[in-house]
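# Structural description and commentary
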Amino acid sequence: GKTSRRGRHDALIMGIKKDLKLRFREIILARIPLLADVLKNGSSQRKAHANRVLLYLIANVDVDHIWSSAVDHPMNCFLEFKPINNFFNDARNMPGKRRHYGADVSGNSGGWLTNSVMVTSRVVRVV
């Protein structure tokens, strides 16, 4: 097994992904209401096509960090499709990531992260 910090870091993300996997269908349909509508009200041909799209999306979901070098807490994680998620990382296109997800996501997650560090610094003292 991996012993690097990154290996342990990603192992926690995989646990979160495993826990969410049963809800991916529900999450995706909430995120894409048009797809949900076609599955509910479309013709049989459109429903079949929409179901193939949904299965593809479920197979290509990533759970990843908003702030990659931070912590594996749900407040620092997001659900995204692999082609989009693979476009962003710590070294590439972070301004684009912020624009894509918006100030609310960055602000809420960043605020939570800042508060977590502040609380930890009050609790832990190095002597």
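Residues numbered from 1 in each chain as written. Predicted model: local features only at pLDDT ≥ 70, side-chain atom pairs only at ≥ 80, totals over all residues. Heavy atoms only, no water.

## Section: the overall build of the protein
When helices and strands are counted, the protein shows 6 helices and 2 strands. The burial tally for the protein puts 29% of its 127 residues in the buried class. Sequence separation of 24 or more characterises 50% of the internal contacts of the protein that already satisfy a separation of 6 or more. (Helix = DSSP H or I, 4+ residues; strand = E, 2+ residues; numbered from the N terminus. Buried < 20%, exposed > 50% of the residue type's maximum accessible area, 1.4 Å probe, protein only. Contact = heavy atoms within 4.5 Å.)

## Quick look at helix α4 (residues 44–59)
Taking 1.5 Å as the rise per residue, α4 with 16 residues should run 22 Å; its terminal C-alpha atoms sit 23 Å apart, in good agreement. Looking at α4, one finds that the buried residues are Ala 50, Leu 54 and Leu 57. The arc enclosing the buried residues of α4, seen along the axis, measures out at 60°, which places them on a common side. When the buried face of α4 is taken as reference, the exposed residues oriented beyond 90 degrees from it are Ser 44, Gln 45, Arg 52, Leu 55, Tyr 56 and Ala 59. (Expected span 1.5 Å × (residues − 1). Arc of directions from axis to C-beta.)

## Some words on the packing of helix α2 (residues 24–31) against α4
Packed helix pairs are characterised by how far apart their axes lie and by the angle those axes make with each other. One can describe the packing of α2 onto α4 by two numbers: an axis separation of 10 Å at closest approach and a directional angle of 115°. The angle between the axes of α2 and α4 places the two elements in the roughly perpendicular class. With respect to the hand of their crossing, α2 and α4 are arranged in right-handed fashion. Here α2 contributes Phe 24, Arg 25, Ile 28 and Leu 29 to the contact with α4, which in turn contributes Asn 51, Leu 54, Leu 57 and Ile 58. Among the residues forming the contact of α2 with α4, the class breakdown is 6 nonpolar, 1 polar and 1 charged. (Axes fitted to C-alpha atoms, helices over the stretch in contact; angles between N-to-C directions. Parallel < 35°, antiparallel > 145°, perpendicular 65-115°, else oblique. Left-handed = near helix turned anticlockwise from the far one by under 90°. Nonpolar A, V, L, I, M, F, W, Y, C, P; charged D, E, K, R; others polar.)

## Concerning the nonpolar core
Within the largest apolar cluster, 16 residues are counted, with the highest numbers of intra-cluster contacts made by Ile 28, Leu 35, Leu 39, Leu 54, Val 61 and Val 63. Those elements that place two or more of their residues in this core are α1 (5–20), α2, α3 (33–41), α4, β1 (61–65) and β2 (77–81). For Leu 39, the contacting residues outside a window of four places in its chain are Arg 25, Leu 29, Lys 47, Ala 50, Asn 51 and Leu 54. (Core = buried A, V, L, I, M, F, W, Y, C linked by side-chain atoms within 4.5 Å.)

## Points about α3
Leu 35, Val 38 and Leu 39 are the residues of α3 that are buried. Projected down its long axis, α3 carries its buried residues within an arc of 100°, all on one side. Among the exposed residues of α3, those oriented more than 90 degrees off its buried face are Pro 33, Leu 34, Lys 40 and Asn 41. Buried residues belonging to α3 abut α2 and α4.

## Examining the confidence of the model for the protein
Of all residues in the protein, 73% attain a pLDDT of 70 or more, and the chain-wide mean is 77. Between the elements of the protein, mean pLDDT differs from a low of 69, seen in α1, to a high of 96, seen in α3. (pLDDT = per-residue confidence, 0-100.)

## Re the packing of α2 against α3
Where α2 meets α3, the axes come as close as 5 Å, and the angle between the chain directions of the two elements is 110°. Viewed along their axes, α2 and α3 adopt a mutual orientation that is roughly perpendicular. Between α2 and α3, the contacting residues are Arg 25, Leu 29, Ala 30 and Arg 31 on the first element and Pro 33, Leu 35, Ala 36 and Leu 39 on the second. Grouping the constituent residues of the contact of α2 with α3 by class yields 6 nonpolar, no polar and 2 charged.

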